[in-house]
Amino acid sequence: MVTLILLGVLAVCVLVQLYFAFFRFLPLTRYQDPVPVTQRPVTVIVAAHNEQDNLFELLPQLLDQDYPEFEVLLVNDRSDDDTEFYTYELERQYPNFRVVTVKKTPDYLNSKKYALALGIRAARYEHLLFTDADCRPCSPHWIAKMQAGYDSGTEVVLGYSPYVQLKGFLNQLIRYETLLTGIQYLSQANAGRAYMGVGRNLSYTKSCFFKNKGFASHIKLTGGDDDLFVRDAASNSKVTIVIDKEAQTASIPKKTFREWVVQKRRHLSVGGRYRAADRRRIGAFIGANILFYILFLILLVLNSHLAILGALAGVRYLAVFPVYLAAARRLDDKISLLLMPVLDLVYFVNYLFLGISVLLYKQFRWK
């Protein structure tokens, strides 16, 4: 009797995953990016704290963008490396490059959000485009492609930012996690229910920022300058997505598991601030996957109804994974088909322990 109940719950978990795969995620694989109509002036904003080496690579690529009118605005956030000297030379060479320097952050404010807010206030143009110092635009048309998302009435454009492909299992895991996160927030935004974005590739208007009172609702939190702002903006602003490869920025991944865990704990720590409907939806997706693996292991150990157990697992893998692969192809993100079952298992088990750790430890700092 107990095993039948467990099998029933397992079947529900599979049905939940099939629902997300076919009704939420599959439409993303057929999404067509908007065609650019008007090329508006753009301010590209980068907040950087001791990122000299990354800026050596990033800033020339930004300044070399193929776009008629734009400026690159660097917010030098309390850097004590040679960022100031390097950017001084760039200011002399490029009239569309400017620097805003932060000497000290007020004690009651989050440093990154304070830096971004100063950059937004100093921006010359209405349309803003954000990335991080450890990112690289995937093409010289990044600005143009992202700005194509501003069709009639749009105030926020969400982009995709995969991690650079390197050797090793950790890199595969990081890129798989990024893919699943991207599929979720891009699919929701495509359905008109945006709930987050990533600051590595995000655009919104200056008017939208001030209309939503900037980062005021979460100014003291370590994270949230991207996802919680999009949460606020989505309630009264039109949000679109752009997922073309040329519209993406590639990010440099963490090199050690410890660094990645710290990063993910910081991201998860703001999840409790999402809208209740979004928390329930994310919880249903994550919970169904975690519970699937737990119940599968229990039933496997009990050695009961193995044929039904195998059939349920087969349905999940043969139906859900092809949707993930199709979404990866649409995003031009390379994921190993052979490693996917292992990556999926490790990701959701790791998510469970990360969630527990976030509940136990609430204090985080940004650099």
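First, a word on scope: everything that follows refers to the structure included in this document. Here the structure is a predicted model, which means the values were calculated and not measured. (Residues numbered from 1 in each chain as written. Predicted model: local features only at pLDDT ≥ 70, side-chain atom pairs only at ≥ 80, totals over all residues. Heavy atoms only, no water.)

**Overview of the overall build of the protein**
Helix and strand content of the protein: twelve helices and nine strands. What you see for the protein is a C-alpha radius of gyration of 21 Å, in line with the 21 Å of a compact globule of 367 residues. Referenced to the eigenvectors of the C-alpha coordinate spread, the extents of the protein come out at roughly 75 × 45 × 40 Å. Taking all 367 residues of the protein together, the buried fraction comes to 56%. Across the protein, every contact between residues at least 6 apart in sequence was considered, and the portion connecting residues at least 24 apart equals 83%. Accessible surface computed for the protein: about 16700 Å², of which carbon and sulfur atoms make up 60%. A distance of 9 Å separates the average location of the 43 positive side-chain charges in the protein from that of its 33 negative side-chain charges. (Helix = DSSP H or I, 4+ residues; strand = E, 2+ residues; numbered from the N terminus. Rg over C-alpha atoms; globule rule 2.2 N^0.38 Å. Buried < 20%, exposed > 50% of the residue type's maximum accessible area, 1.4 Å probe, protein only. Contact = heavy atoms within 4.5 Å. Areas by Shrake-Rupley, 256 points an atom, 1.4 Å probe, with all protein chains shown as cover. Lys, Arg positive; Asp, Glu negative; His and termini not counted. Charge placed at Lys NZ, Arg CZ, Asp CG, Glu CD.)

**What about the state of the cysteines?**
For the structure shown, the criterion picks out zero disulfides. Between C138, a cysteine without a disulfide, and C135, which holds the nearest cysteine sulfur, the sulfur-to-sulfur distance is 9.4 Å. Residue C138 is classed as partly exposed on the basis of its relative accessible area, which comes to 29%. (Disulfide = S-S within 2.5 Å.)

**Examining the packing of aromatic side chains**
Applying the stated criterion to the full structure yields 23 aromatic pairs. Ring plane angle 75° and centroid distance 5.1 Å describe the contact between F209 and F215, whose orientation is recorded as edge-to-face. Classification of F209 by relative accessible area gives buried; the value is 4%. A relative accessible area of 3% means that F215 is categorised as buried. Members of the aromatic cluster, each reached through a chain of ring pairs, are Y19, F20, F23, F25, Y176, F285, Y347, F348 and Y351. (Phe/Tyr/Trp six-rings, centres within 6.5 Å; stacked < 30°, edge-to-face > 60°.)

**Considering the nonpolar core**
Ranked by size, the top nonpolar core spans 111 residues in total, and within it I45, L59, L158, Y176, L186, Y204 and Y324 carry the most contacts. Sort the elements by how many residues they give to this core and helix 11 (residues 306-330) lands first, with eleven residues. (Core = buried A, V, L, I, M, F, W, Y, C linked by side-chain atoms within 4.5 Å.)

**Re the sheet that holds strand 7 (residues 202-205)**
Strands sit in the order 3-2-1-4-7-6-8 across an open sheet of seven strands; the sheet is mixed. Each of the sheet's edge strands pairs with one partner strand only, and the pair in question is strand 3 (97-102) and strand 8 (238-241). The average angle at which neighbouring strand axes cross in this sheet is 25°, direction not considered. Sheet analysis places strand 2 (residues 70-77) next to strand 3, joined by six bridges and oriented parallel. What sits directly across from V75, in strand 3, is V100. Against the sheet, helix 2 (residues 52-63) contacts strand 1 (42-48), strand 2 and strand 3, and its axis sits at roughly 160° relative to strand 2. Docked against the sheet, helix 3 (residues 83-93) engages strand 2 and strand 3, running at close to 150° with respect to strand 3. (Pairing = 2+ DSSP bridges. Axes fitted to C-alpha atoms, helices over the stretch in contact; angles between N-to-C directions.)

**What about the pairing of strand 4 (residues 127-130)?**
By the alternation rule, side chains of strand 4 split into H127 and L129 and L128 and F130, which are all buried. Summarising the sheet, strand 4 and strand 7 pair through four bridges and their orientation is antiparallel. If you follow L129 over to strand 7, its bridge partner there is S203.

**Brief notes about the side chain of T43**
Within the fold, T43 resides in strand 1. Given the relative accessible area of 0%, T43 is considered buried. In terms of polar contacts, T43 uses its side chain to reach the backbone amide nitrogen of Y125, at 3.3 Å. If near-sequence neighbours (up to four positions away) are discounted, T43 is found in contact with E71, L73, A123, R124, Y125, H127, L128 and L129. (Polar contact = N/O pair within 3.5 Å; in protein donor to acceptor, adjacent residues only side chain to side chain.)

**Brief notes about the pattern of salt bridges**
Inspection of every chain in the model, using the stated rule, returns 17 salt bridges. Through salt bridges that share partners, E71, R98 and R124 make up one connected network. (Salt bridge = Lys/Arg side-chain N within 4 Å of Asp/Glu carboxyl O.)

**What to know about the environment of A133**
Mapped onto the elements of the fold, A133 is located in the loop between strand 4 and strand 5 (135-137). Classification of A133 by relative accessible area gives buried; the value is 3%. On a C-alpha basis, the gap between A133 and A47 in space is 7.2 Å, while along the polypeptide they are 86 residues apart. In this structure A133 touches V46, A48, E51, N54, L55 and L58, once residues within four positions along its chain are discounted.

**Here's the deal with the packing of helix 10 (residues 276-302) against helix 11**
Pairs of packed helices are described in terms of their axes, by the angle between the two and the distance that separates them. As a packed pair, helix 10 and helix 11 sit with axes 11 Å apart at the nearest point and diverge in direction by 150°. For the element pair helix 10 / helix 11, the angle class is roughly antiparallel. Handedness of the helix 10/helix 11 crossing: left-handed. Contacts from F285, N289, F292, Y293, F296, L299 and L300 of helix 10 reach helix 11 at L306, L309, A313, R316, Y317 and Y324. Its residues assigned to classes, the contact of helix 10 with helix 11 shows eleven nonpolar, one polar and one charged. (Parallel < 35°, antiparallel > 145°, perpendicular 65-115°, else oblique. Left-handed = near helix turned anticlockwise from the far one by under 90°. Nonpolar A, V, L, I, M, F, W, Y, C, P; charged D, E, K, R; others polar.)

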